[in-house]
Amino acid sequence: MRIATFNVNGITARLPVVLNWLEAFRPDIVCLQELKIPQERFPADAFRAAGYGVVWHGQISWNGVAILAKGTEPEELHGALPNDPEDRHSRYLEAEVGGLRIASLYLPNGNPVPSPKFDYKLRWFSRLHEHAASLLASGVPTILAGDFNVMPTALDVYAPERWLDDALFRPEVREAFRRLIAEGWTDAVRTLHPDQRIYTFWKYYRGAFERDAGLRIDHLLLSPSVASRLEAAGVDRGVRGAQRPSDHAPVWIGLTD
DNA sequence: ATGACTGATGGAATCAGA
């Protein structure tokens, strides 16, 4: 089965691109981020017509996450990280799909550094750590998929020296990502392609995509029982070259049945 | 070098993204 994550940068503007991609690649489960649409205006009918059950948490203007499942209804488990009731951002959604537990997450950007936004990013990361530990402890096969807004290593940045003070590449943020890996999560794309330059985001300006000046910030982290089924992983770069594309491309994994 | 695009809101200019 194939599972993908895609930061769409606005589902209203991106619906044709997303529907074409679903039609062409027919992934079994899809995590979407940056819906940028209120809950009641999410185009659920378009996804149902394409053969996907869907759960989502929207928000006006910013954020917003969804989970699609081909031919079945995802069962929502958490509509937010469960350890801060004051946090109103729609950045985390967790559901069960056919015995798999899957989370669609959109980690805060955190720029500029330092700032309250960067503090919020670090706090959000530590809340994710706390929750991820309980997910691992449960033993349920789990995937954390989404836009982590972290380039884990210099191999994941076209020009690492220019990003040293950026919130996506600061040492404490990379360390937070490393801790997740150390605790037992598998970075699917990097595990199957240890030495390859692979990007998932290219900024819109300065011909970044044409120059391949990209970042790898969208990730699928696998719990051990899912990692043992990992057989393929990659990025659908062609989607970044579509008409009116997102600035991110879909990232996918293939699992044995 | 923080600029350069793009999307959402609202109906222009501003915020936010990464």
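Preceding block: the structure.
Residues numbered from 1 in each chain as written. Chains lettered and ligands numbered in written order. Predicted model: local features only at pLDDT ≥ 70, side-chain atom pairs only at ≥ 80, totals over all residues. Heavy atoms only, no water.

Asker: Even after reading the chapter, I still don't get unusual backbone geometry, so can you show me in this structure?
Answerer: Leaving glycine out, the prevailing phi sign among residues is negative, and the prevailing peptide bond configuration is trans. Residue Asn-111 is joined to Pro-112 through a cis peptide bond whose omega torsion reads -5°. If you trace the backbone, Pro-112 turns up in the loop between β7 (100-106) and α3 (116-138). Following Val-113, the chain continues to Pro-114 via a peptide bond in cis, the omega torsion being -5°. Here Pro-114 is to be found in the loop between β7 and α3. Its identity as a non-glycine residue notwithstanding, Arg-206 has a phi of 60°, on the positive side. Tracing the backbone through its elements, the reader meets Arg-206 in the loop between β10 (201-202) and α6 (208-211). Judged by its relative accessible area of 71%, Arg-206 is exposed. (Helix = DSSP H or I, 4+ residues; strand = E, 2+ residues; numbered from the N terminus. Buried < 20%, exposed > 50% of the residue type's maximum accessible area, 1.4 Å probe, protein only.)

Asker: Could you clarify how one ought to interpret the protein's contact with DNA strand B in this entry?
Answerer: Surveying the vicinity of DNA strand B reveals 27 residues, the closest of which are Glu-34, Ser-61, Asn-109, Leu-168 and Leu-215. Of what DNA strand B places within 4 Å of the protein, 71% of the atoms are sugar or phosphate. In the model, a phosphate oxygen of DNA strand B is placed 3.5 Å from a nitrogen or oxygen of the Arg-41 side chain. For DNA strand B, a phosphate oxygen lies 3.4 Å from a polar atom in the side chain of Asp-147. It is helix α1 (residues 11-25) that contributes the most residues to the surface near DNA strand B, three residues altogether. Tallied by class, the residues present in the surface near DNA strand B amount to ten nonpolar, nine polar and eight charged. (Near = heavy atom within 4 Å. Polar contact = N/O pair within 3.5 Å; in protein donor to acceptor, adjacent residues only side chain to side chain. Nonpolar A, V, L, I, M, F, W, Y, C, P; charged D, E, K, R; others polar.)

Asker: Explain the packing of aromatic side chains here, please?
Answerer: Aromatic ring pairs are defined here through the distance separating the ring centres and the angle between the ring planes. By the definition in use, this model includes six aromatic pairs. Measuring from ring centre to ring centre gives 5.5 Å for Phe-6 and Trp-21, while their planes differ by 70°; the resulting arrangement is edge-to-face. Remark: Trp-21 occurs in helix α1 and Phe-6 occurs in strand β1 (residues 2-7); sequence separation between them is 15 residues. Using a relative accessible area of 1% as the deciding quantity, one classes Phe-6 as buried. Classification of Trp-21 by relative accessible area gives buried; the value is 3%. Centroid distance Tyr-158 to Trp-163: 6.3 Å. Interplanar angle 80°. Geometry classified as edge-to-face. Residue classification places Trp-163 among the buried residues on the basis of a relative accessible area of 16%. One aromatic cluster in this structure is built from Phe-42, Phe-47 and Trp-56. Lying across the ring of Trp-252, Arg-2 places its NZ or CZ 4.6 Å from the centre. Of note, Arg-174 hangs over the ring of Phe-169, and the distance from its end group to the ring centre comes to 3.8 Å. (Phe/Tyr/Trp six-rings, centres within 6.5 Å; stacked < 30°, edge-to-face > 60°. Lys NZ or Arg CZ within 6 Å of the ring centre and 35° of its normal.)

Asker: I would appreciate a short explanation of the pairing of β1 in the present structure.
Answerer: Within a regular strand, the side chains alternate between the two sheet faces. Within β1, five of the six residues are buried, which leaves it mostly tucked inside the rest of the structure. Pairing of β1 with strand β14 (residues 251-255), which is carried by four bridges, proceeds in the antiparallel orientation. If you follow Ala-4 over to β14, its bridge partner there is Trp-252. Sheet topology note: the β1/strand β2 (residues 29-33) ladder contains five bridges and is parallel. Looking at the pairing, Asn-7 lines up with Gln-33 of β2. (Pairing = 2+ DSSP bridges.)

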